[in-house]
Amino acid sequence: VVFCKVVTSGCSSVRVKCQVGTRFRTLYIKLQNGLHALLISDINNVEEEFAEESSAESEIETDDDNDSGTDSEDDRENSDNKDDEKVKPEESPSDSDMEVEGLAVEEAWTEPTGKKEDDESTEKMSAAALCVTVGSFCDPEDLPGLAHFLEHMVFLGSLKYPDENGFDVFLKKHGGSENASTDSERTVFHFDIWQQYFKAALDRWAQFFINPLMIRDAIDCEVEAVDNEYQLAKPCDTNRWELLLGSLARPGYPMRKFFWGNAETLKHEPKKSNIDIYTRLKDFWQNYYSAPYTNLVVQSKETLNTLENWVTEIFSQIPNNGLPKPSFDHLTDPFDTPEFQKLYRVVPVSNIHLLNITWALPPQERNYRVKPLRYISWLVGHEGKGSILSFLRKKLWAVALSGGNAETGFEQNSIYSIFMISITLTSEGYEHFYEVAHVVFQYMKMLQKVGPDKRIWKEIQKINDNEFSFQDQVDPINYVENICENMHLFCKQDFLTGNQLLFDYKPEVIADVLDLLCPQRANLCLLSTNNEGKCPLKERWFETQYSVEDIEQYWATVWAFDFEINPDLHHPEENEYLATDFSLKPPDFPEVDYPVKVLNAPQGCMWYKKDNKFRKPKVYVHFHLISPQVQQSAESVVLLDIFVSILSLNLSEPAYGADIAKLEYKLVAGEHGLIIRVKGFNHKLPLLLQLVIDHLSDFSFTPGVFEMVKEELKKTYFNMLIKSEVLAKDLRHVILEYGKWPIIEKYQRLMKGISAESLLSFVKAFTSQLFVEGLAQGKLTCQEAKGFLRYVVVKLQFAPLAHPCPVQFRVVDLPNTHLLCKVKTLNKGDANSEVTVYYQMHMEEPSLKSLTKEDLIEWFQVLRGKDRRTLSIHVVGYGEQEQDSEFAAVLDVQGPLLGEHPQLTFLPPSSYMKNTAFIRHIKDFTSPLNLLPHRKILQ
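Attention here is on the structure that accompanies the text. (Residues numbered from 1 in each chain as written. Predicted model: local features only at pLDDT ≥ 70, side-chain atom pairs only at ≥ 80, totals over all residues. Heavy atoms only, no water.)

## Focus: the overall build of the protein chain
Within the protein chain one finds 28 helices and 28 strands. Buried residues in the protein chain amount to 53% of all 939 residues. Total accessible area computed for the protein chain in this model is approximately 42,500 Å², and 50% of it derives from carbon and sulfur atoms. (Helix = DSSP H or I, 4+ residues; strand = E, 2+ residues; numbered from the N terminus. Buried < 20%, exposed > 50% of the residue type's maximum accessible area, 1.4 Å probe, protein only. Areas by Shrake-Rupley, 256 points an atom, 1.4 Å probe, with all protein chains shown as cover.)

## A word on the sheet that holds strand S27 (residues 917-918)
Taken together, 4 strands build an open sheet; the order of strands is S25-S26-S24-S27 and the sheet is mixed. Bordering the open sheet on either side are strand S25 (834-840) and S27, each of which pairs with just one other strand. Two elements, strand S24 (residues 818-824) and S27, share 2 bridges in a ladder whose sense is parallel. Within S27, the residue paired with Leu819 across the bridge is Ala917. The strands that helix H23 (residues 724-736) touches are S24, S25 and strand S26 (869-876); relative to S26, the one it contacts most, it runs at about 145 degrees. (Pairing = 2+ DSSP bridges. Contact = heavy atoms within 4.5 Å. Axes fitted to C-alpha atoms, helices over the stretch in contact; angles between N-to-C directions.)

## Things to note about the environment of Pro140
Mapping Pro140 onto the fold places it in the loop between strand S6 (125-132) and helix H3 (146-153). Placed 144 residues apart in sequence, Pro140 and Phe284 show a C-alpha to C-alpha distance of 9.1 Å.

## As for a nonpolar patch on the surface
Residues Val835, Val837 and Tyr839 make up a contiguous nonpolar surface patch of about 250 Å² in total accessible area. Assignment of secondary structure puts Val835 in strand S25. (Patch = residues over 30% accessible without salt bridge, like charges linked within 9 Å, V, L, I, M, F, W, Y side chains within 5 Å. Salt bridge = Lys/Arg side-chain N within 4 Å of Asp/Glu carboxyl O.)

## A look at the nonpolar core
Counting 91 residues, the largest nonpolar core has Phe623, Leu625, Ile642, Ile646, Leu674, Ile676 and Leu759 as its most contacted members. A total of 10 residues in this core trace back to one element, the largest contributor, which is helix H19 (residues 634-652). If sequence neighbours within four positions are ignored, Leu759 has contacts with Leu639, Ile642, Phe643, Ile646, Phe701 and Phe706. (Core = buried A, V, L, I, M, F, W, Y, C linked by side-chain atoms within 4.5 Å.)

## What about unusual backbone geometry?
Even without being glycine, Met214 reaches a positive phi, approximately 45 degrees. Position of Met214 among the secondary structure elements: in the loop between helix H5 (198-206) and helix H6 (219-233). In the Ramachandran plot, Asn274 falls in the positive-phi region, its phi being about 60 degrees despite a non-glycine side chain. Summarising the element assignment, Asn274 is placed in the loop between helix H8 (263-272) and helix H9 (277-288). For Asn274, a relative accessible area of 72% corresponds to the exposed category.

## Some words on the sheet that holds strand S19 (residues 618-626)
The 6 strands are arranged S17-S18-S22-S19-S21-S20 in an open sheet whose pairing can be described as mixed. The open sheet has two edge strands, strand S17 (596-601) and strand S20 (664-669), and neither has a second partner. Each strand of the sheet is rotated relative to its neighbour by a mean of 10 degrees, with strand direction disregarded. Strand direction decides the pairing type here: S20 and strand S21 (residues 673-681), joined by 6 bridges, are antiparallel. Bridging across to S21, Lys666 finds its partner in Arg677. Where helix H26 (residues 782-796) meets the sheet, its contacts fall on S17, strand S18 (604-610), S19 and strand S22 (771-778), and the angle it forms with S18 comes to roughly 155 degrees.

## Regarding the packing of helix H4 (residues 166-173) against H5
Helices that pack against each other are described as a pair by the angle of their axes relative to one another and the distance between those axes. The interhelical angle for the contact between H4 and H5, taken along N-to-C directions, is 160 degrees, at an axis separation of 10 Å. Of the possible angle classes, the one that applies to H4 and H5 is roughly antiparallel. For H4 against H5, the interelement crossing comes out left-handed. Residue-level contacts link Phe167, Phe170 and Leu171 of H4 to Ala200, Ala201, Arg204 and Trp205 of H5. Along the lines of polarity and charge, the residues of the contact of H4 with H5 split into 6 nonpolar, no polar and 1 charged. (Parallel < 35°, antiparallel > 145°, perpendicular 65-115°, else oblique. Left-handed = near helix turned anticlockwise from the far one by under 90°. Nonpolar A, V, L, I, M, F, W, Y, C, P; charged D, E, K, R; others polar.)

## Points about the pairing of S22
Burial along S22 is one-sided: the residues Val772, Gly774, Ala776 and Gly778 are buried and none of Phe771, Glu773, Leu775 and Gln777 is. As paired elements, S18 and S22 share 7 bridges and run parallel to each other. For Met606, the partnering residue across the bridge sits in S22 and is Gly774. Strand direction decides the pairing type here: S19 and S22, joined by 8 bridges, are antiparallel. Opposite Val619, over in S22, you have Gly778 as the bridge partner.

Below you can see the structure in the form of structure tokens.
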């Protein structure tokens, strides 16, 4: 990360320039209307830009005291960084000469991607994002969801470009996309497009913030769009809990509002109250969409001078209404209420047992350079020895834990910051949830007693630095969206780095936050399907069933005094997986374009390719342990799932150090065997791979762990089945892919019961005979890649397969007709439906440049012709809109959806699709069909 200093004199715009890095040049400007803009120019044009800006070089003064261009860790740690001395983005700098520290350059070690110049890829995409620092907190009391609704309405044409869908059409014609989102204190709009059309798109886009039409006739259509988003959000337990939590705040505080909006709040209620929503919409835009509290980020391959000219010309027209930015500084301690410090029991949508422990803290945005919540959440969420989760897993009370602040507008804003610990409980843990909470409070007390640890803070800092320095390139549209939100939160020099890096170690700041995380200030929420029938209260908007009660007297008394700390809870040890060597090793194999098989043996083979493009010290290793045992029955598929779950659980504690050091591993129960994926910095990756293989070789489990994992797997299958999008995808794959076992059959088999003895027999058979195929790619030598496979073979001591077991993904050859598989959702509380249409066509791959426009048109016409092969999957939701009474003959809506023997309910085609072929039983339909190879290898 490189820094510079710049001196500028008074002018029509304030300019703060950054240096040349290996990725970006950046320029911060403030327009005369008060709008703040950050311009990002890709490095490819740097020579051209130097030539264009040579006349302005007299403005730039280099800081000779730091000619190395980098801040050391000690410099950052000991810097005198007082927030009240910083020039905040929203402040108006004086017209006098101003010296500011330049922005940090993102991706300091990123190399060019090496893509060809004619690629229409992210290399040629330009993007822009605009953040209005006003959101749902400003919704009027009588129109909940108005800020969200305005986000939709503002894009319906402008005075200069009146076509209602013109901008969307323009983007799609030129490879672009756009989106927007509304949060508590900001509304963000962003788009991308091919570079050559960027200026034209900027002009069209800016008009939405200059003179939007907000067509009155489109109100009903956009209300329906907002209502659809509300319906999609309702089945999400996170959204439901957030809304319930907001209702516990003090009366009159904005977090109590219904941010989503729906047809009731934006159409029916206003009509009853004679509210002209169109007039109120225009008033909201005029009052809050003002240039001084608007941030803009643009990224393109144009020079900074060019981008500055464009932005000044186009965005200076955004109006400045002269009104002060909305402030909530007068609102403090929103959750300091008797309603907050209680126990809430909630009936969730998913089949889960979840304990949420929540604290409301003073706003922590100002402490972003210290990041006390990140330090605390890193410790709370640790899974190694001495951690909360390690202790709870040994007690078989919990399977997962997360802690911290999600950094959404609801959890992190100018009024408060949320710190929440979420613990996924087992059935036994549900019965002991007070003891679980006590363990958490003991750990927090231990942290308070020992105080902040500089070694741990420095370790977190080092991990974040490594990740930042070697991060993958981000798509421009995602990058500008992130940065434009950062401009609202951070000082100028931290726009690009403020959300990722730790800068200043201030133990007193961390200690102050820790002291607030005590039992007396906590809210407890227990979400469980066991709460069904015990929760008489209902939240208004998402209809969440809940109950409220005082903390049990025994525990209230314990937590009110100086309780003992559990000696099993302590700080984590120093992390052995933290990479320190990022040198690039010399090659020992010829350069190739594709992976090459470098080792072939009866037990397996190894493929290898050295990275010669990105030049990052990272390695990707995949192993596929192939066994014919997997496809034998639904039971064997379930046993593989249990096997992988227990193996992952066994690894969770010893491998957690690797995980937080950005060495990732994943175990996947594949269609043909176990898949092992490992990636990260090459320095310590072999240690992680050996750890995984060692635990696979020494696999074992206790009866308690087996029962716990089995129960959690039932919940996993259940939660997959009640999601319409997951069910639709699973049905499509089961119909198309030969040998695919549906989730509902796996759930049925698991509900019948599976013994620990059957798992042991399966694992023994699975590991006794295998074929292992591996791939290693990145910054490693060929000999290292071979060594990985040799270690697997030696450690596992398996015999080669008696007969070859090639991995063949085969799909059915659909008949020349339109097929329909239509089922009722398995979630009675979900009004959303899911439609997927699949087109199948047999074709030869056209030649890795010969494809013409005419070829594409001809192909599409055949695809849509009378001989087309089409499969439609419909998962139908519940509610009046779905006309459930129409299906009374085939659907017992009063019956249980998922019991011991759940079944799908197949529905007949509607009158609109009466000519389709209706699939009533999947196996009967697919069994007579021919099979095709899923992929055809041409070379």
